[in-house]
Amino acid sequence: MKAMILAAGLGKRMRPLTDHCPKPLLPVAGKPLIVHHLERLAAAGISDVVINVSYRAEQIVEALGDGSAYGVRIDWSRETAPLETGGGIRQALPQLGGAPFLLINGDVWCELDLRTLPPLGEDLAHLVLVDNPGHHPLGDFHLDATGRVHALGEPRLTFAGVSLLDPALVADQSPGEFPLAPLLRDAMRAGHVGGTHYRGGWIDVGTPERLAELDRALRQRRG
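For every chain, the first residue of its written sequence is number 1, and the numbers climb from 1 along that sequence. A pLDDT threshold of at least 70 governs which residues receive local features in this predicted model, and a stricter bar of 80 or more applies before side-chain atom pairs are shown or counted, although totals over entire chains, interfaces and linings include all residues. The basis for the side-chain values is all heavy atoms of the structure; hydrogens and waters are excluded.

Student: Could you give me a rundown of the overall build of the protein, with the residues and numbers involved?
Tutor: Counting its secondary structure elements, the protein contains 6 helices and 13 strands. Radius of gyration: over C-alpha atoms. The globule rule applied is 2.2 Å multiplied by the number of residues raised to the 0.38 power. Relative to the compact-globule value of 17 Å for 223 residues, the protein shows a C-alpha radius of gyration of 17 Å, a close match. With the C-alpha coordinates aligned to their principal axes, the bounding extent of the protein is approximately 40 × 40 × 30 Å. Whether a residue is buried, partly exposed or exposed follows from its accessible area with a 1.4 Å probe, protein chains only, as a fraction of its type maximum: under 20%, in between, or over 50%, in that order. Considering the protein as a whole, with its 223 residues, one finds that 50% of them fall into the buried category. At a minimum sequence separation of 6, the contacts of the protein that also span at least 24 residues come to 74%. Only the protein chains shown count as cover for residues, and the accessible areas themselves come from Shrake-Rupley with a 1.4 Å probe. For the protein, the accessible area works out to roughly 10400 Å², and carbon and sulfur atoms hold 53% of it. With 22 positive and 26 negative side-chain charges, the protein shows a separation of 4 Å between the mean positions of the two kinds. Helix and strand definitions here come from DSSP, where helices need a minimum of 4 consecutive H or I residues and strands a minimum of 2 consecutive E residues; each element is numbered from the N-terminal end. Pairs of residues are marked as contacts when any of their non-hydrogen atoms sit within 4.5 Å. Only four residue types enter the charge count, namely Lys and Arg as positive and Asp and Glu as negative; His and the chain termini do not. Positions of charges follow a simple convention, taking NZ of Lys, CZ of Arg, CG of Asp or CD of Glu.

Take a look at the structure:
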């Protein structure tokens, strides 16, 4: 299986930290945030990784190279302007191939063992969901007792930024900028989205404060 890491965003919420450093390279416990993702992918046996880049792209490419230092092979998808999640995936389809792939938001921290995710089967997506954090109390989706994900319903959970996707979810879309969420909701209505409720370590590293919180937690864990 291949993986794609989303790393093309402007990092506006992380300013001023991202004024001169792209968000994926912000340090957490002594290494860039995106390196934690690469190491976790390698540990799960996933060695082919596509990374989309736009803002300060060359800094990211120069820092990570071909990925060999982290036990993976990186294929870069360069966006002259950010294409949003859907458009970024659509552009990278020739690199991702026709099989389901793992998608990871570059600005989350998640300790999920990626090997535990179930195969897609007939689904177009399988989402990892977590308990709603304090900064997102209303959540995103409902996970029913049979493991199906719905746009509506209670109780609600928050999308963790980790998912398995079938390329068919975006393959019929025209190239260019478009979001992924409406396509996921369409697939939910058709009954083609499953989910996992993950209760382990996770944080949306979306602000300087949460970045510092994660850094402190990981350093304390090391002792």
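From this point, things continue past the structure.
Student: Run through helix α1 (residues 33-43), naming residues and quoting values.
Tutor: Buried residues of α1: L33, I34, V35, H36, H37, L38 and L41, and no others. One or two residues past the end of α1 sits G45, with phi positive at roughly 85°.

Student: Talk me through the side chain of S163; I want residue IDs and the actual numbers.
Tutor: Examined against the element boundaries, S163 turns out to sit in strand β11 (residues 156-165). Residue S163 is classed as buried on the basis of its relative accessible area, which comes to 2%. For S163, the residues in contact, after removing those within four places along its chain, are F101, L102, L103, H126 and L127.

Student: Before we move on, could you go through unusual backbone geometry and cite the residues and values that matter?
Tutor: Residues R15 and P16 are joined by a peptide bond in cis, for which omega reads 10°. Cis geometry marks the peptide bond from E154 to P155, where omega comes out at -5°. Mapped onto the elements, P155 comes out in the loop between β10 (149-150) and β11. Backbone geometry at A29 places phi at a positive 55°, although glycine is not the residue there. Along the chain, A29 turns up in the loop between β2 (27-28) and β3 (31-32). Accessibility expressed as a relative area gives 2% for A29, which makes it buried. You will see that R56, though not glycine, has its phi angle at about 50°, which is positive. Relative to the helices and strands, R56 is located in the loop between β4 (48-53) and α2 (57-64).

Student: If you had to explain helix α6 (residues 208-222) to someone new, which residues and values would you point to?
Tutor: Between the first and last C-alpha of α6 there are 21 Å, a value that for 15 residues agrees with the 21 Å anticipated at 1.5 Å per step. Along α6, the positions that sit buried rather than exposed are R210, L211, L214, D215 and L218. Projected down its long axis, α6 shows its buried positions confined to an angular sector of 140°, all on one face. Pointing more than 90 degrees away from the buried face of α6 are the exposed residues E209 and Q220. Here the buried face of α6 lies against β2, α1, β7 (108-110) and β13 (202-204). Residue count minus one, scaled by 1.5 Å, sets the expected span of a helix. Note that the arc is defined by the directions from the helix axis to the C-beta atoms.

Student: Quick rundown of the nonpolar core? Include the residues and the values.
Tutor: Throughout this description, the term nonpolar core refers to a set of buried Ala, Val, Leu, Ile, Met, Phe, Trp, Tyr and Cys residues connected via side-chain atoms within 4.5 Å. Counting residues in hydrophobic clusters, the biggest one holds 47 residues, and the most contacted among them are L41, I51, L64 and L102. Among the elements that line this core, the one with the most residues is α1, at 5 residues. Leave out the neighbours within four places in its chain, and L102 touches M1, K2, A3, M4, L41, I46, L114, L117, V162, S163 and L164. Ranked by size, the runner-up nonpolar core spans 27 residues in total, among them L127, F141, V170 and L180.

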